[in-house]
Amino acid sequence: MNNLFAPYAMIRRFALAATLLGFGTAEMFAQAAPASQDVQALVAEIRELKSRLAAVEAKLDAYQAAAVVPPVKPAVESQPFPPPPSNPSMSAAEHPAAKPAPFAFGDFTWMNGQSRQKSQPLSNSFATVNLYLDTYYGYSFNHPRDDTIIGSGAVGRNTEWQINNATIGIDTNYNNVIGKITLQAGNQLAVTQDLDGTVNRGRNLTVANNKYIGEALGGYHFDQLNGINVEAGYFYSYIGLESYLLGENWNYNRSFLSDMTPFYFSGARIQIFPTDKIKIEPWFMNGYQTYGKWSKNNSVGLSNYWRPNESLGFVANFYYGTDTKDDPHRKRFHHDDSILVRYFNRPQSAGISKVALSLNTHFGNQWDGINPFPGRKEYILGSSFANRMWFSHDHLAWSLRAEGVTNPGRYLALLPTPGGFPPGPDNYSLKLWDLTSTFDVLPTDFLDFRFEFISRHSNVPYFAGRGGTTSPDGWQGTPGPFVPDVAKHENRLTFAINWRM
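Residues numbered from 1 in each chain as written. Predicted model: local features only at pLDDT ≥ 70, side-chain atom pairs only at ≥ 80, totals over all residues. Heavy atoms only, no water.

## A closer look at the pattern of salt bridges
For step 1, the next point in the chain: Scanning all chains against the criterion turns up 19 salt bridges.
For step 2, the next point in the chain: For E248, the salt bridge is made with R500, and the minimal N-O distance between the two is 2.3 Å. On the criterion of sequence distance, the pair formed by E248 in the loop between β5 (228–236) and α3 (256–259) and R500 in strand β18 (residues 489–500) is long-range, its members being 252 residues apart.
For step 3, the next point in the chain: Residues E490 and R492 are paired through a salt bridge, measuring 3.5 Å at the closest nitrogen-oxygen approach.
For step 4, the next point in the chain: Where salt bridges share partners, they join E231, R269, K279 and E281 into one cluster. (Salt bridge = Lys/Arg side-chain N within 4 Å of Asp/Glu carboxyl O. Helix = DSSP H or I, 4+ residues; strand = E, 2+ residues; numbered from the N terminus.)

Here is the structure:
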C-alpha cells in the first residue's frame, strides 16, 4: 500500500518546493519594486495557490492514512432484543457463546405457558432481576356464603380483590456458575404449597420455612454440545403445559389437568441441549410437588422439548414415584404430551395479527401396594385444547379453551370440602369438563388486563354452592350442625391484572 502512494508523495514534494521557490522570488521582487501593480497581483495569486495546495495536501494525507491502516472488522449486529428463555425456569447460563443459544433462533413469546417479554430491561451481563405481580377479583354465580372458591388451583376467593402472587427474583451466571432465587407471597400459596403433607413426616421440616421461595437453584454450566446445566434446589414443573405463573398462560384459570399436576419440584435436574432446538431434562426429586418424601424412595422424571421452527413446538414429560403415605410399594406414573402451533402470523396487521393453538393430553395411574378402595380404578385421563387469536398488532387477544377429564380414583383432585368428597351414589367416579373464554388487553409486553368467563361442570357435587363449605355462618370454628354445600356446576367471572418486568 505504501508503494502505491509513493509517486503521489514525490509529486507533492516537488510541487511544494517549486511553490516555495516561486513565492520567495516573488517576495524579493515585490520588495524591490513595491509600486508595481502587476507584481502585487502576482504575489496575491501565488498566496492563493499556496493556500489551495495546503488544502489538497491535507486531504491527500487523510486519504493515505485511511488506506494504509488495516480495516477493522465490523461488530456482529446485535438482535433488537435478547432472546427470552424457553420456559420460566431456564437461566442465562443456558446460552453458550460458542454455539447457537438454545431456542434463540425464533420468537416463542406466543406460546401457551411462556413469558411474553421480548426484552429484559432489568438485565446486564452479570444478572437479571425479575419482578412479577398477579392480582385478581373473582365472582362466582353460586355466591358461596364463605367467599371460598374450591376445585381451583388458581383462584381461591370470591368477590374480593386478592394478591394472587407477587415475586421478586434474581438470576445470575458468573464464570459458568448458575445462581437463581425467587421469593414469593400471595393467595396462591394457600391453595398450593400449604397442602403439602410430607412436612409432617418426622421433624425439622415445615411449609412455613419453604413456601415463600418460588425458585432457588444453584449449579454449573458446561460448554458441551449446545450447553449442559446441572442444578439443584426448588424449580417449577412443566408437567401439564400451563405455567405456575398465571400471567404466562393463555387463560387465567388453569385447566383441570394442569391443576392436578405438580407446580414445583424439590430436587436436582440436568438440562441437556444437543442442538439449539432440543432440550432433554432428567429430574431427581423428593416427590410429587412436595418438600419432603412420602416414603423411603425418591421420584424421577424427564422433560423433553423440541421446537423445529418458530411456529411449532412439542413437549413430552414423564414422572415416576412412590407418593402414598405409609405405602412405599404404591407406584405412580404420569405422562403428558403437548403440541403448540402458530398457524397464522401477520404482526403488522391492524386486524387479526396472529392465531395459534395448543393441545395438552395427560395420562397417569397408580398401582400395587395397598388399595384402600378395592375395585376402584386409579387413573387420570384428559385433554385440554385452546385456541388464541391476537388483534391490533398483538395488543388485543382472545383465547377459548375446552377440556374434559376423567379421574375415577379422585387421587389427584382438589378436595371439595375439608372432609373430602361428600357421600353419594357414585363414590368411584369424577368427570370434569369446562369452557373458558379470556379476553386480554396488552398495552405492552409487561402488562396485561384480563377478563375471563369460565363455566365448569362435574358429574358429582364438586364446586362451592351458596351455603359454602366452612360452617353455618361461613366463619371457621363456628359451632353447630353443618353440611357443606357443593354443586355440580359453577359459572365464574375473573378480572385480573398481570404485571411483569
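The structure having been displayed, the exposition proceeds.
## Description of the confidence of the model for the protein
For step 1, the next point in the chain: On average, residues of the protein carry a pLDDT of 85, and 81% of them reach 70 or more.
For step 2, the next point in the chain: Ranking the elements of the protein by mean pLDDT puts helix α1 (residues 6–32) last, at 43, and strand β15 (residues 447–458) first, at 98.
For step 3, the next point in the chain: This stretch, residues 1–35, has a pLDDT under 50; its non-local contacts, to residues over four places away or in other chains, come to 26 contacts.
For step 4, the next point in the chain: Here residues 65–96 is a poorly scored stretch, pLDDT under 50, and it has 61 contacts once near neighbours within four places are set aside; other chains count. (pLDDT = per-residue confidence, 0-100. Contact = heavy atoms within 4.5 Å.)

## As for the environment of Y305
For step 1, the next point in the chain: Mapped onto the elements, Y305 comes out in strand β8 (residues 299–309).
For step 2, the next point in the chain: In this structure, Y305 is in contact with F103, Y238, K277, I278, K279, F314 and V315, ignoring residues within four places of it in sequence.

## Regarding the packing of aromatic side chains
For step 1, the next point in the chain: This model, assessed by the stated rule, comprises 25 aromatic pairs.
For step 2, the next point in the chain: Seen from their ring centres, Y137 and W161 are 5.5 Å apart, and the 50° between their planes marks the pair as tilted. Here W161 lies in strand β2 (residues 161–174) and Y137 lies in strand β1 (residues 127–140), a separation of 24 residues in the sequence.
For step 3, the next point in the chain: Taking relative accessible area as the criterion, Y137 reaches 28% and is therefore assigned partly exposed.
For step 4, the next point in the chain: Ring geometry for Y320 and W367: centres 6.3 Å apart, planes at 45°, overall tilted. (Phe/Tyr/Trp six-rings, centres within 6.5 Å; stacked < 30°, edge-to-face > 60°. Buried < 20%, exposed > 50% of the residue type's maximum accessible area, 1.4 Å probe, protein only.)

## Here we look at unusual backbone geometry
Note on backbone geometry: most residues besides glycine have negative phi, and most peptide bonds are trans.
For step 1, the next point in the chain: Residues other than glycine seldom take positive phi values, yet D147 does so here, at roughly 55°.
For step 2, the next point in the chain: If you trace the backbone, D147 turns up in the loop between β1 and β2.
For step 3, the next point in the chain: Phi is positive for N176, close to 70°, though the residue is something other than glycine.
For step 4, the next point in the chain: Position of N176 relative to the elements: it lies in the loop between β2 and β3 (177–185).

## As for a nonpolar patch on the surface
For step 1, the next point in the chain: A grouping of L122, V129, I168, I170, I181 and L183 is seen on the molecular surface, where their side chains present a nonpolar patch of about 450 Å² in accessible area.
For step 2, the next point in the chain: Of all the elements in the fold, those that place two or more residues in the nonpolar patch are β2 and β3.
For step 3, the next point in the chain: Note that I170 resides in strand β2.
For step 4, the next point in the chain: I170 sits in the partly exposed class, given a relative accessible area of 36%. (Patch = residues over 30% accessible without salt bridge, like charges linked within 9 Å, V, L, I, M, F, W, Y side chains within 5 Å. Areas by Shrake-Rupley, 256 points an atom, 1.4 Å probe, with all protein chains shown as cover.)

## Concerning the side chain of K211
For step 1, the next point in the chain: Tracing the backbone shows K211 in the loop between β3 and β4 (213–222).
For step 2, the next point in the chain: Only 3.0 Å separates the side chain of K211 from the side chain of D194, close enough to count as a polar contact.
For step 3, the next point in the chain: The contact partners of K211, leaving out residues within four places of it in the chain, are Q184, L189, Q193, D194 and Y291. (Polar contact = N/O pair within 3.5 Å; in protein donor to acceptor, adjacent residues only side chain to side chain.)

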